[in-house]
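Geometric and topological summary
As a plain string of letters, each chain reads:
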Amino acid sequence: MAIIEAKQLSKYYGKVRALHKVDLSVEAGDIYGFIGPNGAGKTTLIRLLLGILRADAGAAHVFNQDAWHHAVSIHKRIAYVPGDVKLWPNMTGGEVIDILTSFNGHDNSKKKQELIETFDLDPTKKCRSYSKGNRQKVALIAAFASDAELFILDEPTSGLDPLMERLFQEHIQALKAENKTVFLRSHILREVETLCDKVSIIRQGEIIESGALKDLRHLRATEVEIESKHPIADLEKIPSVSNVEKSGCHVRLHIDSAHIGALIKHIASSEVLSFHSTPPTLEQLFMRHYERDE
């Protein structure tokens, strides 16, 4: 079942196109990554899903309800963490956490206290004294302490140190084990690659790649390194082989994943001593589109 569904979703600010005919589907239990360069339309899409903005064309549904017309009922079932959390300056962090967790009608005091200790937050301090990282902690603690079905996270680790980022990742993996749904916008590509099952890349308001990470690997060549007993000839004749570098019996090359079988068959007679392949990273996939945009 689709928890988030966008169909031909478009949004314009005057003559500026923020989103153009975006199609997106996030299934129950997905940890879904959403990435793209600055100004690509990521925040606009999230605001449409939250019912903060109204679409100019197309439709956005969350829990099978229209995101604009049913925003109040939808918000009772979601937890949202923005990239720059604003808090009530004269309230303590603990008071804010209590208010935020009360919105969906659940109050798990034990879980809240565990998260406060885990994220090393002093809940007695006034919010005006918090650093950016501590403001993010308040929002994350409130989100993780809730009984939400869907977590919409917009650059949630902005301002956190590496230790806190790792704790965040552990809690996302715990949500995955509970079959919760997470929609994650992050500029940290290694974070998306570590956590997400599926990903969409947006550029200039349009989704340009979308799907399971394992299926997107074919979009860029795999790097292969070979050490053999005898020199390997005619590598360039294998389909999709490129960037061949030879040094005696040591070879490094790039090849599309679909043709690795042909490569293995070709090198078998050369008595291979070692064969190491490195699939493309999410960063490489993203940068291909970013560089094209530049």
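Residues numbered from 1 in each chain as written. Predicted model: local features only at pLDDT ≥ 70, side-chain atom pairs only at ≥ 80, totals over all residues. Heavy atoms only, no water.

**A short note on the packing of helix α3 (residues 93–102) against helix α5 (residues 132–145)**
- Here α3 crosses α5 at 35°, and the two axes come no closer than 9 Å. Considering how the two elements wind past one another, α3 and α5 form a crossing that is right-handed. Along its contact with α3, which presents G93, V96, I97, L100 and T101, the element α5 presents V138, I141, A142 and A145.
- Residues belonging to the contact of α3 with α5 are distributed by class as follows: 7 nonpolar, 2 polar and no charged. (Axes fitted to C-alpha atoms, helices over the stretch in contact; angles between N-to-C directions. Helix = DSSP H or I, 4+ residues; strand = E, 2+ residues; numbered from the N terminus. Left-handed = near helix turned anticlockwise from the far one by under 90°. Contact = heavy atoms within 4.5 Å. Nonpolar A, V, L, I, M, F, W, Y, C, P; charged D, E, K, R; others polar.)

**Side note on the pattern of salt bridges**
- All chains considered together, the criterion is met by 18 salt bridges.
- The partner of D84 in a salt bridge is R135, with the nearest N and O atoms 3.8 Å apart. Of this pair, D84 sits in the loop between β6 (78–81) and α3 while R135 sits in helix α5, and the two are 51 residues apart along the sequence.
- A salt bridge links K237 to D234, with the nearest nitrogen and oxygen atoms 3.9 Å apart.
- Exposure remark for K237: the relative accessible area of 67% places this residue in the exposed category.
- Connected through salt bridges with shared partners, the residues D84, K86, K132 and R135 form a single ionic network. (Salt bridge = Lys/Arg side-chain N within 4 Å of Asp/Glu carboxyl O. Buried < 20%, exposed > 50% of the residue type's maximum accessible area, 1.4 Å probe, protein only.)

**Considering helix α9 (residues 260–267)**
- Three or more residues of α9 are buried, namely I260, L263 and I267. Along the long axis of α9, the arc covered by the buried residues comes to 55°, so they all point the same way.
- Residues of α9 that are buried sit in contact with β11 (222–228), β13 (250–255) and β14 (272–278). (Arc of directions from axis to C-beta.)

**A look at the side chain of Q136**
- Tracing the chain through its elements places Q136 in helix α5.
- When its relative accessible area of 0% is taken as the criterion, Q136 is described as buried.

**What to know about the confidence of the model for the protein**
- Of all residues in the protein, 93% have pLDDT values of 70 or greater, and the mean over the chain is 89.
- Considering each helix and strand of the protein separately, the mean pLDDT is smallest for helix α10 (residues 282–293), with a value of 62, and largest for strand β5 (residues 65–66), with 97. (pLDDT = per-residue confidence, 0-100.)

**Examining the domain arrangement of the protein**
- By domain assignment, the protein separates into domain 1 (2–216) and domain 2 (220–291).
- A separation of 39 Å is found between the C-alpha centroids of domain 1 and domain 2. (Domains from an automatic or database assignment.)

**So, the sheet that holds strand β4 (residues 57–62)**
- An order of β2-β1-β4-β5 is seen for the 4 strands of this open sheet, with the pairing classed as antiparallel. Either end of the sheet is taken by a strand with one partner, and the two such strands are β2 (16–27) and β5.
- Across 2 bridges, β4 lies against β5 in antiparallel orientation. Looking at β5, one finds that V62 is bridged to Q65. (Pairing = 2+ DSSP bridges.)

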